[in-house]
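Structural features, examined
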Amino acid sequence: MTRADRVQARLDDVDALLVTDLVNLRYLTGFTGSNGLCVLGPGLRRFVTDFRYVERAAAEVDGWDRERSPTEFLAALGEGWPENVRRLGFEDQRVTVRQHARLRELVPEPIELVAAGGRVEAERARKEDAEIAAIAAAAQLADAALAAALADGLIGRTERDVALALETAIRAGGGEPAFATIVAAGVNGAAPHATPGDRAIERGTLVTIDFGARLDGYCSDCTRTYAAGAVGDDLAAIHDLVLRAQTAALDAVRPGAEGREVDAVARDLITADGHGEHFGHGLGHGVGLEVHEAPRLARTAKEPLQNGNIVTVEPGVYVPGLGGVRIEDLVVVAPDGARVLSGHSKELTVLD
Ligand code: ZN
Ligand code: ZN
């Protein structure tokens, strides 16, 4: 069964699905260009791109009827519809109001447009073995890059310098950063998504480094928090709490566990220690072609984890004016629990 076949099996309420999200398009067809769409349904495998990408599509897209679009890209959808398509799903999380109006003008009248987002994302959440291998390779590259970036220690360097060294090492290894690397020292660590700045990292502070590589299209995501020189008991205690919460949540990861149940394992521990209000984000998220994708581990996530999901487990405690700790592993949901893809030690490591 192809990926398109599996997505087609999810189309119970529509006859065909129009895919305009470029990541979903890549997942289904292999196409890596920046303009394209596909339509899939029983007996229907249309792929459309513009003249710039005709050759690339010929090399990348197999098993689809390839079309070159007219000058106005969406106009390709004005014809070519089999009679059995009455209800056409579109990705309502991606199609703009303007595009929808244009689609309504172009797609022949008897065909109804139906909001049907999330079908491809649901299929993407269950990774194939080759995808797991690709993500593991990205994680390994990122881990090696972090080791290289930390070889010169932390104290006295700027957050920006550490982030740059890490990203340079990722590029030198053949990948690219999956997202803007976070290096947050001292009180900056109290902001979960701090931007690396030009202040020198001071002795006695915690430094949170959140980093990932993209390799062959697939992402990794990992966070470690280090001590720049010995830190005080208050900071060490927060690190210990987050590590205990993270380890307990990892133990709760298994097929069938709901995202909110795994989230609660970490959140309850942190709340019992008085830091509930300092853990303001969800526990984790799926990772694949995108660094944030399905499924989620969060207070409101009811869907159960499935064998083959790849998710992060990343509790954090952020204390304004003091600092923060986040510890994030990337794991495969497997029958016997979580298989961890992140390599670096999570114990509080003191670097100079
Ligand atoms: Zn991260
Ligand atoms: Zn993450």
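Up top is the structure these notes are about.
Residues numbered from 1 in each chain as written. Chains lettered and ligands numbered in written order. Predicted model: local features only at pLDDT ≥ 70, side-chain atom pairs only at ≥ 80, totals over all residues. Heavy atoms only, no water.

Structural notes on the coordination of the zinc ion (ligand 2)
Test applied: With water omitted from the atoms examined, metal sites may look incomplete; donors here are N, O and S atoms no farther than 2.8 Å from the metal, or 3.2 Å in the case of Na, K and Ca. Tetrahedral means four donors with every angle between 85 and 135 degrees, whereas square planar (four donors) and octahedral (six donors) require angles over 155 degrees between opposite donors and between 65 and 115 for all others; sites fitting neither are termed irregular. Strands are runs of DSSP state E lasting at least 2 residues, helices are runs of H or I lasting at least 4, and numbering of each runs from the N terminus. For each residue, the accessible area found with a 1.4 Å probe, counting protein chains only, is set against the maximum for its type, and the residue is called buried under 20%, exposed over 50%, and partly exposed in between.
For the zinc ion (ligand 2), every protein donor is listed as D221 (OD), H285 (NE2), E314 (OE) and E328 (OE), and the spread of their distances is 2.1 Å. Each of the 4 donor atoms bound to the zinc ion (ligand 2) contributes to angles spanning 78 to 152 degrees, and the resulting shape is irregular. Of note, the donors binding the zinc ion (ligand 2) are all from one chain and are spaced D-x63-H-x28-E-x13-E. Between the zinc ion (ligand 2) and the zinc ion (ligand 1) the interatomic distance amounts to 3.1 Å, and D221 serves as a bridging ligand to the pair. On the criterion of sequence distance, the pair formed by D221 in the loop between β11 (218–219) and β12 (222–228) and E314 in the loop between β15 (310–313) and β16 (316–319) is long-range, its members being 93 residues apart. Side by side, D221 and E314 carry an identical accessibility label, which is buried.

A short note on helix α9 (residues 259–272)
The following threshold applies: Expected span, for any helix, means 1.5 Å times one less than how many residues it has. The bend reported for a residue corresponds to the angle between axes fitted to the seven residues ending at that residue and the seven starting there. The contact rule is simple, with two residues in contact once any of their heavy atoms fall within 4.5 Å.
Taking 1.5 Å as the rise per residue, α9 with 14 residues should run 20 Å; its terminal C-alpha atoms sit 20 Å apart, in good agreement. Maximal helix bending in α9 amounts to about 25 degrees, located at V265. For α9, the complete set of buried residues consists of G259, V262, D263, A266, R267 and I270. On the buried face of α9, the contacting elements are α8 (233–252), β14 (293–297) and β16. Just downstream of α9, G274 is the residue with a positive phi angle, here 90 degrees.

Considerations on the coordination of the zinc ion (ligand 1)
Six octahedrally arranged donors around a metal ideally form angles of 90 or 180 degrees; four tetrahedrally arranged donors ideally form angles of 109.5 degrees. Ligation of the zinc ion (ligand 1) by protein atoms is provided by D210 (OD), D210 (OD), D221 (OD) and E328 (OE), these donors lying 2.0 to 2.6 Å from the ion. Geometry at the zinc ion (ligand 1) is irregular, judged from the 4 donor atoms that bind it and their angles of 55 to 148 degrees at the metal. Mapped onto the sequence, the residues coordinating the zinc ion (ligand 1) show the spacing D-x10-D-x106-E.

Structural notes on the pattern of salt bridges
Heads up, the rule is: Within this document, salt bridges are pairs made up of a side-chain nitrogen of Lys or Arg and a carboxyl oxygen of Asp or Glu, the two lying within 4 Å of each other.
Scanning the entire structure with this criterion turns up 26 salt bridges. A salt bridge links R160 to D198, with the shortest nitrogen-to-oxygen separation between them at 2.7 Å. Of this pair, R160 sits in helix α7 (residues 159–172) while D198 sits in the loop between β8 (182–185) and β9 (205–211), and the two are 38 residues apart along the sequence. Since its relative accessible area comes to 44%, R160 is described here as partly exposed. R203 serves as the salt-bridge partner of D352, at 3.7 Å between the closest nitrogen and oxygen.

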